[in-house]
2 protein chains.
Amino acid sequence: MTVYEYAKGLILEAGNNVTKIMQQDIEIETKSNPNDLVTNVDKATEKFLFENIKKTYPNHFVIGEEGHGHDVTHTNGVVWVVDPIDGTLNFVHQQENFAISIGIFKDGEPYAGFVYDVINNKLYHCKVGEGAFENEHLLQNLAHHTLEKSIIGINPNWLTKPKLGPMLQPIVEDSRSARAYGSAALEIVFVATGKLGAYITPRLQPWDFAGGMIILSEVRGKATNMLGEPLSILHPNSVVVANANLHDDLINNYLGNYKDTLIKLHERFK
Amino acid sequence: MTVYEYAKGLILEAGNNVTKIMQQDIEIETKSNPNDLVTNVDKATEKFLFENIKKTYPNHFVIGEEGHGHDVTHTNGVVWVVDPIDGTLNFVHQQENFAISIGIFKDGEPYAGFVYDVINNKLYHCKVGEGAFENEHLLQNLAHHTLEKSIIGINPNWLTKPKLGPMLQPIVEDSRSARAYGSAALEIVFVATGKLGAYITPRLQPWDFAGGMIILSEVRGKATNMLGEPLSILHPNSVVVANANLHDDLINNYLGNYKDTLIKLHERFK
């Protein structure tokens, strides 16, 4: 069994466990601020993934949202970047619109990506070089669309920020329309399936985007930070994902006008 | 058969037709501007609804998005307010996240509401006084939540507008988080099911909100314009929907600070 096949079985099993625990009570705690929530389900799911991966592959590294592997400072060997519940606020308020996300890297190179929309039973997955899939359905390479004919994913919160607002406002104004779903992993795969033309956010952790960015690359989408630089799985990043033409347009003709502001923003991430 | 029972069968049949036509080509035209789209499916669905309603109930009035009954200037008798595809941009770009919406009024009083999320096969429906349902599942009366613990529905586009931006920004900032799904009918029923705490938008047509607002009232939610005034099914409105406490908070402590601006905005609707 390849690591890809093993991971595919594991994430489906983890999803199955999530739907079971959801029938019981969801226990909610806050983390860094009152809106940064974590539940018993986030913790149990990360524990399940971590323990199974380490039991099967003792030499692999696991970086997870809820505390595993935050001391990993290299990309040598096989690194799993895991978000047990991406979209925890949706999980708590809606009991849907969340995903389990896994990105697997070998010596720093993307190897396989998984985003599992548990409630809708949609597993987005790929092994690099072999095509990306929504369940058994092969995803097409992304078509090129202009911003004027694209629906973009961007959270209204960012437009209220003094430095980000003026930078992001022209993008929203020039787009066909904007959406916000509250799960970065799902929003990145919505770009990969063509449901969104682009997704932009000023700050994500590696576990939020690792699985999705690998799936997106497999359909020839482009994912970088807001400066157009490669994403790193070892620290937070701003994230811009889109089809290649729209991505270039966003970086060159919109975000490029705010390069100094963005450089300062990114210094905080290191 | 009651009008409610008839309407329930009719909207399910209309949804069934939509999924069939979607298998063929979707033909897209623009209306008032390049982002105001209409498809052959919008038109065929409204025609189907209009013709069936008029055949069964020749004395009923039908007001529909795609042109039927725009000469109706009264609320006497039975009035059906119909949106054949609410969320046409989603329909075109995503082939999901759209709904068929029907609100039925008798002598101006809400009688029955329907919002059909066709792709997920979820029919939200109510006959006033008999409870609201998601398919066969009875919806609970809305709990009261503060803005700080609520996810609100609001489109990022509105935050870019010179007059609306400053008015809506504090609401987004004080909320737990914000979402934008691109279908007013669905966003109103998401408030009715508790998935969103509130939904706010500065301009909707009656067919966008008629079905949803009746369902929302049935679970004791509150729907008014941004001035706190009742919604009218005969002209456009701004819309604020929420549980009763949060609704009062939004009207009194946020939107009430911009009363003069709002009065001017609403003069355009008459």
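Residues numbered from 1 in each chain as written. Chains lettered and ligands numbered in written order. Predicted model: local features only at pLDDT ≥ 70, side-chain atom pairs only at ≥ 80, totals over all residues. Heavy atoms only, no water.

K.L.:
When you look at the sheet that holds strand 4 (residues 78-86) of chain B in this model, what are you seeing that I'm missing?
P.N.:
Hydrogen bonds between backbone atoms are what pair the strands of a sheet, whose relative direction is either parallel or antiparallel. All names here are of chain B. On the basis of which strands lie adjacent, the open sheet formed by seven strands has the order 3-4-5-6-7-8-9 and mixed pairing. Either end of the sheet is taken by a strand with one partner, and the two such strands are strand 3 (61-64) and strand 9 (137-138). As judged from the seven bridges shared by strand 4 and strand 5 (residues 99-106), these two strands associate in the antiparallel manner. By the bridge assignment, valine 79 is partnered in strand 5 with phenylalanine 105. Here helix 1 (residues 3-23) sits on the sheet and contacts strand 4, strand 5, strand 6 (109-117) and strand 7 (122-127); the angle it forms with strand 6, its principal contact strand, is near 25 degrees. (Pairing = 2+ DSSP bridges. Helix = DSSP H or I, 4+ residues; strand = E, 2+ residues; numbered from the N terminus. Contact = heavy atoms within 4.5 Å. Axes fitted to C-alpha atoms, helices over the stretch in contact; angles between N-to-C directions.)

K.L.:
So what exactly am I meant to see when it comes to a positive patch on the surface here?
P.N.:
Residue and element names in this part refer to chain A. Taken together, the side chains of Lys163, Arg203, Lys264 and Arg268 define a basic patch exposed on the protein surface. Looking at where arginine 203 falls in the secondary structure, it is placed in strand 12 (residues 198-204). Arginine 203 gets classed as partly exposed once you look at its relative accessible area, which sits at 42%. (Patch = residues over 30% accessible without salt bridge, like charges linked within 9 Å, V, L, I, M, F, W, Y side chains within 5 Å. Areas by Shrake-Rupley, 256 points an atom, 1.4 Å probe, with all protein chains shown as cover. Salt bridge = Lys/Arg side-chain N within 4 Å of Asp/Glu carboxyl O. Lys, Arg positive; Asp, Glu negative; His and termini not counted. Charge placed at Lys NZ, Arg CZ, Asp CG, Glu CD. Buried < 20%, exposed > 50% of the residue type's maximum accessible area, 1.4 Å probe, protein only.)

K.L.:
How should I be thinking about the layout of surface pockets in this particular structure?
P.N.:
The method is simple in principle: a probe with the dimensions of a water molecule rolls over the atoms, and the space it marks as empty is what remains. By volume, the largest pocket is sized at about 1,500 Å³. As for the largest pocket, its lining consists of 50 residues, of which Asn33, Trp158, Thr201, Arg203 and Leu204 of chain B are closest to the centre. At six residues, the largest contribution of residues to the lining of the largest pocket is made by strand 12 (residues 198-204) of chain B. If you add up the space inside the second largest pocket, you get close to 1,100 Å³. At the level of elements, strand 4 (78-86), helix 3 (88-94), helix 4 (156-159), helix 6 (184-192), strand 12 and helix 7 (206-218) of chain A together with helix 5 (164-174) and strand 11 (177-179) of chain B are the ones that each hand at least two residues to the lining of the second largest pocket. Broken down by element, the lining of the second largest pocket gets its largest block of residues, four residues, from strand 12 of chain A. Class assignment for the residues of the lining of the second largest pocket results in twelve nonpolar, 14 polar and twelve charged. (1 Å grid on protein atoms, 1.4 Å probe; cavity = no way out; pocket = protein on both sides within 12 Å on 5 of 7 lines; lining within 4 Å. Points joined across faces, edges and corners; volume = space filled by probe spheres on them. Nonpolar A, V, L, I, M, F, W, Y, C, P; charged D, E, K, R; others polar.)

K.L.:
Sorry, what's going on with the pattern of salt bridges here?
P.N.:
Opposite charge on two side chains makes pairing possible when the charged atoms of those side chains draw close. With the rule as written, the count across this model stands at 16 salt bridges over all chains. The salt bridge partner of glutamate 134 of chain A is lysine 122 of chain A, with a shortest N-O separation of 3.9 Å. Separated by twelve residues along the polypeptide, glutamate 134 of chain A in strand 8 (residues 132-134) and lysine 122 of chain A in strand 7 (residues 122-127) bring together distant segments of the chain. Taken together, the salt bridges that share partners define one network made up of Glu96 of chain A together with Lys122, Glu134 and Lys195 of chain B.

K.L.:
Even after reading the chapter, I still don't get the packing of aromatic side chains, so can you show me in this structure?
P.N.:
The geometry of two aromatic rings is summed up by the distance between their centres and the angle between their planes. Tallied over the entire structure, the rule returns 13 aromatic pairs over all chains. Ring plane angle 80 degrees and centroid distance 5.2 Å describe the contact between tyrosine 181 of chain A and phenylalanine 190 of chain A, whose orientation is recorded as edge-to-face. Take phenylalanine 190 of chain A: its relative accessible area is 11%, and that puts it in the buried class. For the pair phenylalanine 91 of chain B and phenylalanine 98 of chain B, a centre-to-centre distance of 4.8 Å together with 90 degrees between the ring planes defines the contact as edge-to-face. Assigned by exposure class, phenylalanine 91 of chain B and phenylalanine 98 of chain B land together as buried. Cation over ring: lysine 106 of chain A sits above tyrosine 111 of chain A, and NZ or CZ is 4.1 Å from the ring centre. (Phe/Tyr/Trp six-rings, centres within 6.5 Å; stacked < 30°, edge-to-face > 60°. Lys NZ or Arg CZ within 6 Å of the ring centre and 35° of its normal.)

K.L.:
Is there a simple way to think about the nonpolar core in this case?
P.N.:
For soluble globular proteins, nonpolar side chains are generally found buried alongside one another. Formed by 144 residues in total, the largest nonpolar core has its most connected members in Leu49, Trp80 and Ile104 of chain A together with Leu49, Trp80, Ile104 and Phe114 of chain B. Judged by nonpolar contacts, the second largest core, of 46 residues, contains Tyr254 of chain A together with Leu147, Val172 and Val240 of chain B. (Core = buried A, V, L, I, M, F, W, Y, C linked by side-chain atoms within 4.5 Å.)

K.L.:
It is not clear to me how the interface of chain B and chain A should be interpreted in this structure. Could you clarify?
P.N.:
Contact residues are listed per partner, giving 35 residues for chain B and 35 residues for chain A. Interface of chain B and chain A: buried area, both sides summed, is about 2,900 Å²; carbon and sulfur atoms make up 46% of it. Among the residues chain B hides against chain A, the three largest losses belong to His93, Thr160 and Arg176 of chain B. Together they make up 21% of the total. Taken together, the links from chain B to chain A amount to four salt bridges. (Buried area = accessible area lost by both parts, 1.4 Å probe.)

K.L.:
Whenever I open this one, the side chain of histidine 247 of chain B confuses me. Can you help?
P.N.:
Mapping histidine 247 of chain B onto the fold places it in helix 8 (residues 244-254). A polar atom in the side chain of histidine 247 of chain B sits 3.2 Å from the backbone oxygen of valine 240 of chain B. (Polar contact = N/O pair within 3.5 Å; in protein donor to acceptor, adjacent residues only side chain to side chain.)

K.L.:
Just checking my understanding: could you explain the confidence of the model for chain A for this structure?
P.N.:
Averaged over every residue, the pLDDT of chain A is 94; the share at 70 or more is 100%. Complex prediction metrics read pTM 0.95 and ipTM 0.94. (pLDDT = per-residue confidence, 0-100.)

K.L.:
Is there a simple way to think about helix 1 (residues 3-23) of chain A in this case?
P.N.:
Counting along an α-helix, one turn takes 3.6 residues, and residues three or four places apart therefore face a common direction. All names here are of chain A. Given a rise of 1.5 Å per residue, 21 residues ought to cover 30 Å, and the 31 Å separating the end C-alpha atoms of helix 1 matches this to within 8%. Along helix 1, the positions that sit buried rather than exposed are Val3, Tyr4, Tyr6, Ala7, Leu10, Ile11, Ala14, Gly15, Val18, Ile21 and Met22. Summarising the contacts, the buried residues of helix 1 are in contact with helix 2 (40-56), strand 4, helix 3, strand 5 (99-106), strand 6 (109-117) and strand 7. (Expected span 1.5 Å × (residues − 1).)

K.L.:
When you look at the environment of lysine 270 of chain A in this model, what are you seeing that I'm missing?
P.N.:
Within the fold, lysine 270 of chain A resides in the segment after helix 9 (259-267). For the pair lysine 270 of chain A and alanine 180 of chain A, spaced 90 residues apart in sequence, the C-alpha to C-alpha distance is 27 Å.

K.L.:
Can you walk me through the packing of helix 1 of chain A against helix 2 of chain A in this structure?
P.N.:
Helix-helix packing is described using two parameters, namely the angle between the two axes and the distance between the axes. Residues and elements named next belong to chain A. Packing of helix 1 against helix 2 brings their axes to within 10 Å, and their N-to-C directions diverge by 150 degrees. One finds that helix 1 runs roughly antiparallel with respect to helix 2. Handedness of the crossing formed by helix 1 with helix 2: right-handed. Residues Tyr6, Leu10, Glu13, Ala14, Asn17, Val18 and Ile21 of helix 1 form the contact with helix 2, whose own contacting residues are Asn40, Val41, Ala44, Thr45, Phe48, Leu49, Asn52, Ile53 and Thr56. The residue makeup of the contact of helix 1 with helix 2, split by class, is ten nonpolar, five polar and one charged. (Parallel < 35°, antiparallel > 145°, perpendicular 65-115°, else oblique. Left-handed = near helix turned anticlockwise from the far one by under 90°.)

K.L.:
Any chance you could explain the relation of the copies chain B and chain A here in plain terms?
P.N.:
By a simple turn and slide, chain B fits onto chain A: the slide is 0.0 Å along the axis, the RMSD is 0.0 Å, and the turn is 180 degrees. Viewed as a symmetry operation, the transformation between the two copies matches a two-fold axis. Here 100% of the contact residues of chain B are again contact residues in chain A; the copies associate through an equivalent surface. (Least-squares fit on C-alpha atoms with pLDDT ≥ 70 in both.)

K.L.:
What am I meant to see in the sheet that holds strand 12 of chain B here?
P.N.:
All names here are of chain B. In spatial order, the strands read 11-10-12-14-13; together these five strands make up an open sheet with mixed pairing. In this open sheet, the two strands that pair with only one neighbour each are strand 11 and strand 13 (221-224). Between one strand axis and the next, the sheet turns by 15 degrees as a mean value, whatever way the strands run. Here four bridges tie strand 13 to strand 14 (residues 237-243), and the two strands are oriented antiparallel to one another. Across the sheet, alanine 223 pairs through a bridge with valine 241, a residue of strand 14. Helix 7 (residues 206-218) rests against strand 12, strand 13 and strand 14 of the sheet, and its axis sits at about 150 degrees to strand 13.

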